[in-house]
Amino acid sequence: MKLIFEKSVPGRGQQIFPECDVAVTLPKVPMRQTAPRLPEISENEMGRHYTELAKRAHGLNDGFYPLGSCTMKHNPRINEQMAALPGFAKLHPLQPEWSLEGALEAIATLEQDLCEITGMDGFTLQPAAGAQGEFTGLLLIKAYHTHRKDDARTEILIPDSAHGTNPASATMAGYKTVEIKSDEKGMVDLEDLKAHLSEKTAGLMLTNPNTVGIFDDNIMEITRLVHEAGGLCYYDGANLNAVVGLVRPGDIGFDVVHLNLHKTFSCPHGGGGPGSGPCGCKKDLVPFLPGRHTGEEGFRREAESIGDMTGFYGNFLVYIKALTYILSLGKEGIPDIARNAVLNANYMMEKLKAYYPVAYDRTCMHEFVLSLEKIHKENHVSALDVAKALLDFGIHPPTMYFPLIVHEALMIEPTETESRETMDGVIDAFIQIYNEIIDNPQAVAASPVTTPVRRLDEVKAAREPVLRYKFGE
Amino acid sequence: MATYIPNTKDEQQSMLREIGYQSFDDLFHDVPKEARVQGELDLPEGKSELEVRRIMEGMAEKNFVFDTILRGAGSYNHYVPAAVNEIADKEEFLTAYTPYQAEISQGILQSIFEYQTMIAELTGMEVANASLYDGASAAAEACGMCKDRKRSTIYVSDAVDPRILSVVRTYSFGKGTEVKTVKTADGATDLSALKEALAADPQAACFLMQYPNFYGIVEDADAIAAAVHEAGAQLIMSVNPIALGILKTPGEIGADIVVGDGQPLGLGLAFGGPYLGILAASQKNMRKVVGRLIGETVDSQGERGFVLTLQAREQHIRREKASSNICSNQALCALKASIYMSTVGPQGIRQVAELCTSKAHYLAAEFEKIGLKTVYGGEFFHEFVTSCPDADQLLEALEREGILGGLKLSDQEILWCVTELVSKEDMDDTVRIAKEVIGA
């Protein structure tokens, strides 16, 4: 389809602003020499352009969305309406405190709820996304050790199954990453962990359940070992959906946690954001929290604060949605999330494993990983091919080629908001694709055929980068 | 209690039995007993949608929404055209994930490619990324882009928003990066102090300036660019995108990286977020750009299509060697900014800039008449600082009339901001109240 610039006609446009009601006075400074080539387009043409784009996107209501580790659950409608209330949406972040009673109440309530859900003592809502929450948590760890003059702790231990953001965040926080191996059961290799713990250990970052969907049952031992070595334990909340309401990171030895409100707490992902990545911690680390947050002494900034992660209070309207969700579900509904997320994942795994080998054949948590290594070798059909074949069924493919420790990985996370019959339909599609792999592997490799475009040349995109429209130049 | 789980309790039990488990307890056998929550969470019981609505509406009503807003300082009250939210709220945009599967995500990918193009046009730069979190964190990421083994010190003008400086410092804390500020003279970067600082420091990596600056002044960016480049450092300009409707662009000035908050482009005040981190760069910095980039390519049939590209910079490929940890960004906010820019077009972006600056000049002149003198001599865009005998007294008087006055900088100084939403009548009222308060 055409780009919006290709639909632009000089002289067309929309009249949004009134004439100036005072004398036009411009600053006496150098002005831009040429107008920006923004689209000149009627509202009708523009509306159709974006509707055409919307038809070429896949939202949650377009079909099953089992992206592993992304928790693509239903986004309740009430959340959107509450975040759009003028009493929230029209507040200036620098309004006087007397005019913000409700906003501060919302922030305080959410901070307290998140403390209760995670077993932490303080929270900051300032981080804008999960990765920034990780970065915040690592800076808290750094500030903690620095404050104690324990400056020789330069290493963060991270399992090889971790999300890429973990080591990247550790680097941004000035730490050296030390990779810890997974054992044959998909859990942290305790011997390898012990071998790498030392007086240089600042902390361990752990996702539990991990990215292969397994709850590490050595968790109490792991956090004990890290503490014994003088390090702190960081809980990556990306997979909290598996245990929310049933396990609290703070009860199993974690000192710092970040949450992805756009995963576990139902905020929509917006095609790549905005998310919200609050970071919580135990009381020893509370004095270092960034921004302003609520505590026993009201809304304030900590004296030893690491500073600020974003300009104001983080993605406020996003976390209003999470607050609405927590109020809706309450203490009975929140553990039900985890129970059904885990049930749905195991249900799908059991039905699929006769066709596609699972990487770890044991009870999974909220997600599981298939390995197409054998199919790839024997039938020359890859995980990528199966993912693309799913597109022709109107199904968003699972996360591919992750975690890195599983070859030809497809990572499936159905979430609790999928019905049994939806999953049965998806299982049927997987089986049809399996039959096709046996009977007609070339057809699978040629998929998708029903999408607006076919497989795209990513190598060309990277070799000859075209990152903007050139206006025929 | 609200629930979003479709399967009934009976269905759940039959699914459990079908896959060989006696109960949920049995299903969770991998979780050690001592790791489990004993009893219930200390949270209220779940509520129906109607009850939740009443609670949330009650909370929202406890806030006071000002009719007239003369405060900016990083968050600007602009008109949001009707089309922006009508279009961006389409569920295909709202609920999609990051466009990892290009074939069914062309709508998202193309919309971001169009956004990248519009930002490049507005800033006059060659490339723009798919967005960062907000203007402050974008500035911090840009500073990180400029550092290398030889050059590692970050210089920031004292006329940069203190919130941006705070985020730059926080991002620098982990690696121990040195952040030095350059003093101001008459509310703008002191050019001779800048030259002196950079000349004395062969490790100077970059200079971060704001355009217009925190005090609203349009700095002499050409002279600053010359000084920074003379010293072999890079110039980062933090811009207000609306001001670029009329001001000489960073591209024309020769900036190396441009950052800014896209909030004025149709995002509303939102109590500070979600906003939009803009990042654009010159061609030579293309491969150092942090965050997602969308590129054009072709499919197997030769049709034009779009993909996430140059991913070798990113965390999911490069892990600890990545240029940044950013994963989720602010895609929906970038979409809103695109719709905003498409709605107003090249004429509208110029018009809104002219409205803002003209009205700001009117208010400054009216204030001047009653003795609230403009403090700095430099040319300003839509923010300016005035003196005031008692800032608290004046601001409280305005608040009583439903007017959010400027931001108090000190007991005797206020930073005002005027946008197209403020009418002449609003400004005349403000001046009248101010006159009464200060007894002029």
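Residues numbered from 1 in each chain as written. Chains lettered and ligands numbered in written order. Predicted model: local features only at pLDDT ≥ 70, side-chain atom pairs only at ≥ 80, totals over all residues. Heavy atoms only, no water.

Chemist: In this structure, what is going on with the interface of chain A and chain B? I would like to understand it.
Modeler: For an interface, size is often stated in terms of accessible area lost upon the parts coming together. Of the residues lining the interface, 200 residues belong to chain A; the matching set on chain B comes to 182 residues. Our count for the chain A to chain B interface comes out at twelve salt bridges. Between B:Glu121 and A:Arg468 there is a salt bridge; the shortest N-O distance is 2.7 Å. Linking chain A with chain B are 95 residue pairs in polar contact (both at pLDDT 80 or more). Considering each element in turn, the side of chain A that touches chain B owes the most residues, 27 residues, to helix H9 (residues 316-352) of chain A. Residues belonging to the side of chain A that touches chain B are distributed by class as follows: 106 nonpolar, 53 polar and 41 charged. (Contact = heavy atoms within 4.5 Å. Salt bridge = Lys/Arg side-chain N within 4 Å of Asp/Glu carboxyl O. Polar contact = N/O pair within 3.5 Å; in protein donor to acceptor, adjacent residues only side chain to side chain. Helix = DSSP H or I, 4+ residues; strand = E, 2+ residues; numbered from the N terminus. Nonpolar A, V, L, I, M, F, W, Y, C, P; charged D, E, K, R; others polar.)

Chemist: Got a minute to help me understand the sheet that holds strand S7 (residues 279-281) of chain A in this structure?
Modeler: Backbone-to-backbone hydrogen bonds pair the strands of a sheet. The strands run either parallel or antiparallel. Residues and elements named next belong to chain A. Taking strand neighbours across the sheet as the criterion, the seven strands line up as S1-S7-S6-S5-S4-S2-S3 in an open arrangement whose pairing is mixed. This sheet does not close on itself; its edge strands, each paired only once, are strand S1 (122-124) and strand S3 (176-180). Each strand of the sheet is rotated relative to its neighbour by a mean of 20°, with strand direction disregarded. As paired elements, S1 and S7 share three bridges and run antiparallel to each other. (Pairing = 2+ DSSP bridges. Axes fitted to C-alpha atoms, helices over the stretch in contact; angles between N-to-C directions.)

Chemist: I keep staring at the nonpolar core and nothing clicks. Help me out?
Modeler: For soluble globular proteins, the rule of thumb is that nonpolar side chains tend to be buried together. A:Phe88, A:Leu193, A:Phe265 and A:Phe368 are the most contacted members of the largest nonpolar core, which totals 126 residues. Element by element, the count of residues in this core is highest for H9(A), at 21 residues. Apart from the residues lying within four places of it in its own chain, the contact partners of A:Leu193 are A:Leu157, A:Ile180, A:Val188, A:Leu204, A:Ile222 and A:Leu225. Ranked by size, the runner-up nonpolar core spans 93 residues in total, among them A:Phe5, B:Ala96, B:Leu198 and B:Ala337. (Core = buried A, V, L, I, M, F, W, Y, C linked by side-chain atoms within 4.5 Å. Buried < 20%, exposed > 50% of the residue type's maximum accessible area, 1.4 Å probe, protein only.)

Chemist: I would appreciate a short explanation of the domain arrangement of chain A in the present structure.
Modeler: All names here are of chain A. Parsing chain A into structural domains produces domain 1 (78-326) and domain 2 (338-459). Once you take the C-alpha centre of each, domain 1 and domain 2 turn out to be 31 Å apart. Contacts between the two partners involve 23 residues from domain 1 and, on the opposite side, 19 residues from domain 2. Of all residues in domain 1, Val212, Asn241 and Ala242 bury the most surface against domain 2, accounting for 31% of the area lost on that side. Run the count over domain 1 and domain 2 and you get zero salt bridges. Across the domain 1-domain 2 interface, the total number found is five residue pairs in polar contact (both at pLDDT 80 or more). When its residues are assigned to classes, the side of domain 1 that touches domain 2 shows eleven nonpolar, nine polar and three charged. (Domains from an automatic or database assignment. Buried area = accessible area lost by both parts, 1.4 Å probe.)

Chemist: Mind showing me how you'd approach the pattern of salt bridges here?
Modeler: Scanning all chains against the criterion turns up 52 salt bridges over all chains. Between A:Asp192 and A:Lys181 there is a salt bridge whose closest N-O contact spans 3.9 Å. With A:Asp192 in helix H7 (residues 190-196) and A:Lys181 in the loop between S3 and H7, the pair connects residues that are eleven residues apart, well separated along the chain. Here A:Glu221 ties to A:Arg224 by a salt bridge, and the two come within 3.2 Å at their closest N and O atoms. Of the two residues, A:Glu221 and A:Arg224 are both situated in helix H8 (residues 219-228); the distance of three residues between them amounts to about one turn of the helix. Of the residues examined, A:Glu221 reaches a relative accessible area of 28% and is grouped as partly exposed. Ionic contacts of the salt-bridge type, sharing partners, join the residues A:Arg37, A:Arg468, A:Glu473 and B:Glu121 into one network.

Chemist: Before we go on, may I ask you to explain the environment of A:Val247 in this structure?
Modeler: Note that A:Val247 resides in the loop between strand S5 (232-236) and strand S6 (256-258). For the pair A:Val247 and A:Leu384, spaced 137 residues apart in sequence, the C-alpha separation works out to 35 Å. In contact with A:Val247, not counting residues within four places along its chain, are A:Ile117, A:Phe215, A:Ile252, B:Val31, B:Ala35 and B:Val37.

Chemist: How should the environment of A:Glu97 be read in this particular structure?
Modeler: Residues and elements named next belong to chain A. Along the chain, the position of Glu97 falls in the loop between helix H3 (86-89) and helix H4 (101-118). Taking relative accessible area as the criterion, Glu97 reaches 42% and is therefore assigned partly exposed. Spatially, the C-alpha atom of Glu97 lies 9.7 Å from that of Phe299, the residues being 202 residues apart in sequence. Aside from chain neighbours lying at most four places away, what touches Glu97 is Leu104, Arg292 and Phe299. Here the side chain of Glu97 touches Arg292 through a polar contact of 3.1 Å, side chain to side chain.

Chemist: Is there a simple way to think about the sheet that holds strand S8 (residues 234-239) of chain B in this case?
Modeler: All names here are of chain B. Spatial strand order, S2-S10-S9-S8-S7-S3-S4: seven strands in an open sheet with mixed pairing. Unpaired on one side and paired on the other, strand S2 (127-128) and strand S4 (179-182) mark the two borders of the sheet. Of the strand pairs in this sheet, S2 and strand S10 (residues 277-281) are connected by two bridges, and their pairing is antiparallel. Bridge assignment links Val127 to a residue of S10, and that residue is Ala281. The strands that helix H6 (residues 106-123) touches are S2, strand S9 (257-261) and S10; relative to S10, the one it contacts most, it runs at about 70°.

Chemist: Even after reading the chapter, I still don't get the packing of aromatic side chains, so can you show me in this structure?
Modeler: Given two aromatic rings, their pairing is described by the distance between the two centres and the angle made by the two planes. Residue and element names in this part refer to chain A. Summed over all chains, the structure comprises 25 aromatic pairs over all chains. Both rings, one in Tyr356 and one in Tyr434, keep their centres 5.8 Å apart while their planes meet at 75°; by these two values the pair is edge-to-face. Within this pair, whereas Tyr356 is found in the loop between H9 and strand S10 (368-371), its partner Tyr434 is found in helix H12 (residues 420-439), the two being separated by 78 residues in sequence. Here the guanidinium or amino end of Arg37 rests over the ring plane of Phe471, the centre of that ring lying 4.2 Å away. Directly above the aromatic system of Tyr175 lies the positively charged group of Lys142, at a separation of 4.4 Å from the ring centroid. (Phe/Tyr/Trp six-rings, centres within 6.5 Å; stacked < 30°, edge-to-face > 60°. Lys NZ or Arg CZ within 6 Å of the ring centre and 35° of its normal.)

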